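# Chains, contacts and geometry: an overview
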Amino acid sequence: MNIINEVALTFPSRSANEGYARAAVSAFAAQLDPTLEEINDIKTAVSEGVTNCIVHAYPDCVGKIYIRLRIFEDNTLEIVIRDRGRGISDIEQAKAPMFTTGGEERSGMGFTIMESFMDKLKIRSKSGHGTIVTMRKRISMRVGGMARDRHN
Amino acid sequence: MRIIAKRNGGELLILLEGELDHHSAKNAIKETGKLIDTELPMRLTLDFGALTFMDSSGIALIIGAYKRINALGGAFFVTNVSKQVYKVLSAAGITNLLSVSQKDEFLIKK
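Below or above, wherever it landed, is the structure these notes cover. If you're wondering where the values come from, they're calculated on a predicted model, not measured in any experiment.

The next subject is empty space enclosed by the protein. What the rule picks out here adds up to one cavity of 30 Å³ or more. Looking at the lining of the largest cavity, its residues break down into two nonpolar, one polar and three charged.

Taken as a whole and judged by the stated rule, the model has 14 salt bridges over all chains. For R22 of chain A, the salt bridge identified is with E19 of chain B, shortest N-O distance 2.7 Å. Residue R22 of chain A is located in helix α1 (residues 18–29), and its partner E19 of chain B is located in strand β2 (residues 11–20); the two belong to separate chains. Put simply, E37, D41 and K137 of chain A together with K87 of chain B are held in one network by salt bridges that share partners.

Residues and elements named next belong to chain B. Here seven bridges tie strand β1 (residues 2–8) to β2, and the two strands are oriented antiparallel to one another. What sits directly across from K6, in β2, is L13. In textbook terms, the turn of a hairpin is the stretch between consecutive antiparallel strands, and for β1 and β2 this stretch comprises two residues, one of which, G9, has a positive phi near 65°. Sheet topology note: the β2/strand β3 (residues 43–54) ladder contains nine bridges and is parallel. In the strand pairing of β3, L20 is matched with M54. This β-α-β element, β2 to helix α1 (residues 22–39) to β3, shows right-handed connectivity.

Attention now moves to the side chain of T79 of chain B. Residue and element names in this part refer to chain B. Locating T79 in the fold gives a position in strand β4 (residues 75–81). By relative accessible area, T79 is classed as buried at 19%. Beyond its immediate chain neighbours, meaning those up to four positions away, T79 contacts T45, L46, D47, F48, G49 and S101.

Residue and element names in this part refer to chain B. Strand order in the open sheet formed by five strands is β1-β2-β3-β4-β5, and the pairing between neighbours is mixed. Of all strands in the sheet, those with a lone pairing partner are β1 and β5 (99–102), marking the two edges. The average angle at which neighbouring strand axes cross in this sheet is 20°, direction not considered. Running at roughly 115° to β3, helix α3 (residues 83–91) makes contact with β3, β4 and β5 of the sheet.

Bringing the interface of chain A and chain B into the picture now. Opposite the 25 residues of chain A that make contact, chain B presents 19 residues. Around 1,800 Å² of area is buried between chain A and chain B when both sides are counted, 55% of it from carbon and sulfur atoms. Three residues stand out in chain A for area buried against chain B, namely R22, E105 and F117 of chain A, and they jointly supply 25% of the buried area on that side. In this structure, the connection of chain A to chain B is made through four salt bridges. Among the salt bridges present, the one from D21 of chain B reaches R22 of chain A, with a minimum N-O distance of 2.9 Å.

Conventions adopted
- Residues numbered from 1 in each chain as written.
- Chains lettered and ligands numbered in written order.
- Predicted model: local features only at pLDDT ≥ 70, side-chain atom pairs only at ≥ 80, totals over all residues.
- Heavy atoms only, no water.
- 1 Å grid on protein atoms, 1.4 Å probe; cavity = no way out; pocket = protein on both sides within 12 Å on 5 of 7 lines; lining within 4 Å.
- Points joined across faces, edges and corners; volume = space filled by probe spheres on them.
- Nonpolar A, V, L, I, M, F, W, Y, C, P; charged D, E, K, R; others polar.
- Salt bridge = Lys/Arg side-chain N within 4 Å of Asp/Glu carboxyl O.
- Helix = DSSP H or I, 4+ residues; strand = E, 2+ residues; numbered from the N terminus.
- Pairing = 2+ DSSP bridges.
- Right-handed = clockwise from strand over helix to strand, strands pointing away.
- Buried < 20%, exposed > 50% of the residue type's maximum accessible area, 1.4 Å probe, protein only.
- Contact = heavy atoms within 4.5 Å.
- Axes fitted to C-alpha atoms, helices over the stretch in contact; angles between N-to-C directions.
- Buried area = accessible area lost by both parts, 1.4 Å probe.

In short, geometric facts, not functional conclusions.
Okay, here's the thing in structure tokens:
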């Protein structure tokens, strides 16, 4: 499958950057001419993923968060959020709704939301080495939409 | 994110304005907790009309308020939620737990 466009962002795991990440991904996704609901789904999933890096990957320090965004020729948006933090020892447990190691302030719904708002979610992680979260969403092509300009 | 509180007899109305994410949630949770513990309302309404975005960090705020109001034996309502916020609340099962009403313009046709 051909990649039409690709960008990468790197930023420190400060919570002030959560809004930046949402806006940056929204801006990139705009070239697919998504509906408001699709953009909101994407923003929410990104917010959850970036928050996971800040809260769980780097709980006691500030580390780097890497996001790679790709658009494929079938109008799929791929978001990869990568960190070099603590890692997840039991991924299935981490994915369980309401499970959290983050205390009372966290609801444990991050992965659940990412999974229901995106088409595909894949988590790869190694304890002590970091985590790679890959999400995909296929944006519907609309008649008369702007998506046909994305090849430029 | 801004919080505005209005007291009307035994009712406490808390309006949230802006984006409710992990960055703004810590303060918001503290402030709403303090308001409820101080005012001890018989009825709490969280008005989300001016909230432009919420992720699961907002769930923790709602659950915290829910536990406090339950302990007081009061009523709890979440009102004026946007489509995006409603979707998050729904995914977390909050819409089954308590009264959530949407902004008029975003009513989902059944």
